[in-house]
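Take a look at the letters that make up each chain.
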Amino acid sequence: MSQETIKPGTIHGVGLGPGSQDLMSVRADRLIRGASHVAYFRKKGRSGHARRIVEGLLAPDVIELPMEYPVTTEIPFDDPRYKALLAAFYERHVAQLAEIAEAGQDVVVLCEGDPFFYGSFMHLYRRLEGRVPVAVVPGITGMSAAWTATGRPVTWGDDILTVLMGTLPEQALVERMTQTDALVVMKIGRNLDKLRRALARAGREDEAWLIEYAAMPQERVVPFREAGDGVPYFSILVIHGNGRRP
């Protein structure tokens, strides 16, 4: 069979959910268990959270394709070098994935949470679309697991839900916090003090909850005031709405 007649494989962006295997979809589980090639993002020297989630599910002869980020926090994200390094990183791995698909093989790309919600897979998807077949399996988001962990509904009736990144300027955080009913803040990390100030300025610090490791064995839910001097990477702030109800 010539190269031209080979049917291309599909790149599957598979949402793993917040971190527990039993919160993955049936489709995600099926694709992961049957995969011949599995790709996943990780920091240099780490196994990668996505890879840890699927431990024990992969076929014995699976080919693993770790994609190691060239930078994390070493260079500010608004530095032109940051964008250039990441663009080259994505282009390199897109070429690798496309080559496998063009040879007729499927690849499962493991995605924490949902592939289309603030995830790295989106950058692959944009570059692969129209080049080889790409399919996406949605997953439960970390924020959904976080508000569920609080034991309280996050939105009622006509409540407006806003999702913010802690990396935003303080004034932008304050403005958004004062304009919404329910709130989720992600990417807290080094932005903890800024987030505290913004909550105080918006008058909402007493409404805020911190959820660490939502849906994971070490899950912890505390009032945000009790957050301490630092928070784990997997931390999300939640403010519940109190809108219309019967």
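Residues numbered from 1 in each chain as written. Predicted model: local features only at pLDDT ≥ 70, side-chain atom pairs only at ≥ 80, totals over all residues. Heavy atoms only, no water.

1. Points about the overall build of the chain
- Per the secondary structure count, the chain includes seven helices and 10 strands.
- Relative to the 2.2 N^0.38 estimate, which gives 18 Å for 246 residues, the radius of gyration of the chain is 20 Å and therefore close to what a compact globule would have.
- The principal-axis extent of the C-alpha atoms belonging to the chain is close to 70 × 45 × 35 Å.
- Counting the 246 residues in the chain, one finds 46% classified as buried.
- Excluding contacts between residues fewer than 6 apart, the proportion of contacts in the chain whose partners are at least 24 apart in sequence is 70%.
- For the chain, the exposed area adds up to about 13,100 Å²; of that, 51% sits on carbon and sulfur atoms.
- Of the charged side chains in the chain, 29 are positive and 30 negative, and the gap between their average positions amounts to 2 Å. (Helix = DSSP H or I, 4+ residues; strand = E, 2+ residues; numbered from the N terminus. Rg over C-alpha atoms; globule rule 2.2 N^0.38 Å. Buried < 20%, exposed > 50% of the residue type's maximum accessible area, 1.4 Å probe, protein only. Contact = heavy atoms within 4.5 Å. Areas by Shrake-Rupley, 256 points an atom, 1.4 Å probe, with all protein chains shown as cover. Lys, Arg positive; Asp, Glu negative; His and termini not counted. Charge placed at Lys NZ, Arg CZ, Asp CG, Glu CD.)

2. Describing the side chain of Glu 212
- With respect to the helices and strands, Glu 212 occurs in strand E8 (residues 208-212).
- Non-local contacts of Glu 212, meaning those with residues more than four positions away in its chain, are made with Gln 218, Glu 219, Arg 220, Pro 232, Phe 234 and Ser 235.

3. Comments concerning the sheet that holds E8
- The sheet built from five strands is open, its strands ordered E6-E7-E10-E8-E9 with mixed pairing. At either end of the open sheet lies a strand with only one pairing partner, and these are strand E6 (161-165) and strand E9 (220-223). Direction aside, neighbouring strands of the sheet carry axes that sit 20° apart on average.
- Relative to strand E10 (residues 235-239), strand E7 (residues 182-186) runs antiparallel, the two sharing three bridges. (Pairing = 2+ DSSP bridges. Axes fitted to C-alpha atoms, helices over the stretch in contact; angles between N-to-C directions.)

4. Structural notes on the environment of Leu 85
- With respect to the secondary-structure elements, Leu 85 resides in helix H3 (residues 80-102).
- Counting along the chain gives 15 residues from Leu 85 to Pro 70, while the straight-line C-alpha distance between them is 6.8 Å.

5. As for the nonpolar core
- The biggest cluster of nonpolar side chains holds 22 residues, and the ones touching the most others in it are Ile 11, Leu 97, Val 107, Val 109, Leu 124 and Leu 128.
- Secondary-structure elements contributing two or more residues to this core are strand E2 (37-42), strand E3 (63-68), H3, strand E4 (107-111) and helix H4 (121-128).
- Tallying contributions element by element places H3 first for this core, with nine residues.
- Contact partners of Val 109, with chain neighbours within four places excluded, come to Ile 11, His 12, Gly 13, Val 14, Ala 39, Phe 41, Met 67, Leu 97, Phe 121 and Leu 124.
- Of all hydrophobic cores here, the second largest spans 20 residues; its members include Leu 173, Val 185, Ile 188 and Ile 239. (Core = buried A, V, L, I, M, F, W, Y, C linked by side-chain atoms within 4.5 Å.)

6. Regarding helix H6 (residues 170-179)
- Burial in H6 covers these residues: Glu 170, Leu 173, Val 174 and Met 177. Take H6 and look down its axis: the buried residues cluster within an arc of 100°, on one side only.
- Contacts from the buried residues of H6 go to E6, E7 and helix H7 (192-202). (Arc of directions from axis to C-beta.)

7. Quick notes on the environment of Glu 64
- With respect to the helices, strands and loops of the structure, Glu 64 is situated in strand E3.
- Under the relative-accessibility criterion, Glu 64 is labelled partly exposed at 32%.
- The sequence separation of Glu 64 and Val 108 amounts to 44 residues, and the corresponding C-alpha distance is 9.8 Å.
- One polar contact links Glu 64 to Tyr 40, side chain to side chain, over a distance of 2.6 Å.
- Side-chain polar atoms of Glu 64 contact the side chain of Arg 51, separated by 2.9 Å. (Polar contact = N/O pair within 3.5 Å; in protein donor to acceptor, adjacent residues only side chain to side chain.)

8. Examining the side chain of Thr 141
- Relative to the elements of secondary structure, Thr 141 occurs in the loop between strand E5 (134-137) and helix H5 (142-149).
- From its side chain, Thr 141 meets the backbone nitrogen of Ser 144 in a polar contact 3.2 Å long.

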